[in-house]
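Summary of structural features
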Amino acid sequence: MSMYWKEGAEGASAAQREQFAPGIAKVQRYLEKLAHRGEIPERFIPDKPKPRPFLEGEVKHESLTIGGKTASELISEMTQKGVHLDSNARSMIDSPDFTTLAKPTELVVIVVRAGVLVPGKKNPNTHEIFKAAEELELDKVPAEVGPHYRLAHMNQRHGDEDVVIGMEPMIDSVIDYPFVLQSTLGVHGLWLSGGYAR
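Residues numbered from 1 in each chain as written. Predicted model: local features only at pLDDT ≥ 70, side-chain atom pairs only at ≥ 80, totals over all residues. Heavy atoms only, no water.

Contact geometry of helix α2 (residues 71-80) with helix α6 (residues 145-152) gives a least axis separation of 10 Å together with a crossing angle of 25°. Between α2 and α6, the angle falls in the class roughly parallel. As α2 runs across α6, the sense of the crossing is left-handed. The segment α2 lies against α6, with L74, E77 and M78 engaging P147, H148, R150 and L151. Its residues placed into classes, the contact of α2 with α6 shows four nonpolar, one polar and two charged. (Axes fitted to C-alpha atoms, helices over the stretch in contact; angles between N-to-C directions. Helix = DSSP H or I, 4+ residues; strand = E, 2+ residues; numbered from the N terminus. Parallel < 35°, antiparallel > 145°, perpendicular 65-115°, else oblique. Left-handed = near helix turned anticlockwise from the far one by under 90°. Contact = heavy atoms within 4.5 Å. Nonpolar A, V, L, I, M, F, W, Y, C, P; charged D, E, K, R; others polar.)

Next up on the list: the environment of G195. One can find G195 in strand β9 (residues 189-196). Classification of G195 as buried rests on a relative accessible area of 10%. Spatially, the C-alpha atom of G195 lies 9.7 Å from that of S183, the residues being 12 residues apart in sequence. If near-sequence neighbours (up to four positions away) are discounted, G195 is found in contact with P178, F179, V180 and Q182. (Buried < 20%, exposed > 50% of the residue type's maximum accessible area, 1.4 Å probe, protein only.)

One can find H153 in the loop between α6 and β6 (163-165). Within the structure, H153 has its side chain in polar contact with the backbone oxygen of Y149 (distance 3.0 Å). (Polar contact = N/O pair within 3.5 Å; in protein donor to acceptor, adjacent residues only side chain to side chain.)

Okay, helix α3 (residues 87-94) next. Among all positions in α3, only N88, A89, S91, M92 and I93 are buried. Those residues of α3 that are buried lie in contact with α2, β3 (84-85), β7 (170-171), β8 (178-186) and β9. N-cap assignment for α3: the residue whose side-chain oxygen lies 3.2 Å from the backbone N of N88 is D86.

Attention now goes to the pattern of salt bridges. Evaluation of the coordinates by the stated rule reveals seven salt bridges. Across the salt bridge formed by E77 and K69, the nearest N and O atoms sit 2.7 Å from each other. One salt bridge connects E168 with K140, and the closest N-O pair in it is separated by 3.6 Å. Separated by 28 residues along the polypeptide, E168 in the loop between β6 and β7 and K140 in the loop between β5 (138-139) and α6 bring together distant segments of the chain. By relative accessible area, K140 is classed as partly exposed at 34%. (Salt bridge = Lys/Arg side-chain N within 4 Å of Asp/Glu carboxyl O.)

Set out below in structure tokens:
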């Protein structure tokens, strides 16, 4: 099982990092382009985030664009593309607590196995995972990462790991349990489901 997290940056709040992430990414790409053309020395390109020493080789950084679509538009797009939603996932996305950004925003997120975050435990619980992530300065991602990630990874194959979104759990309106979104592949195809945050 893999977890999806946003890497923290020192000296800024989660809201500030989310606000300035698109501009930072744009500047990074522009500087890389200038360096590639030989117009500036490579030393002027800001370093990309590096994983903590024991995470070296265990994490994967990805760029993911979120925002610009309402919850209902995300559901409609997933349905049109053949993504199945279970009742828990639909309840979460229909919840007023599920919000989306008005404008498209690029996030740099990481994928890491839960067992890497909490070594020595076969099935760490949510509290243990979140505590370990916080100690490593990994921030929770917005809930809308769930459907955007599902739509961005439509080529998931059998044998690929399920991806659990490192988000703030949401209380299911029917059974009153906390859930998080997860991107899975089942016998009937691609799914976005709600997993119990035990």
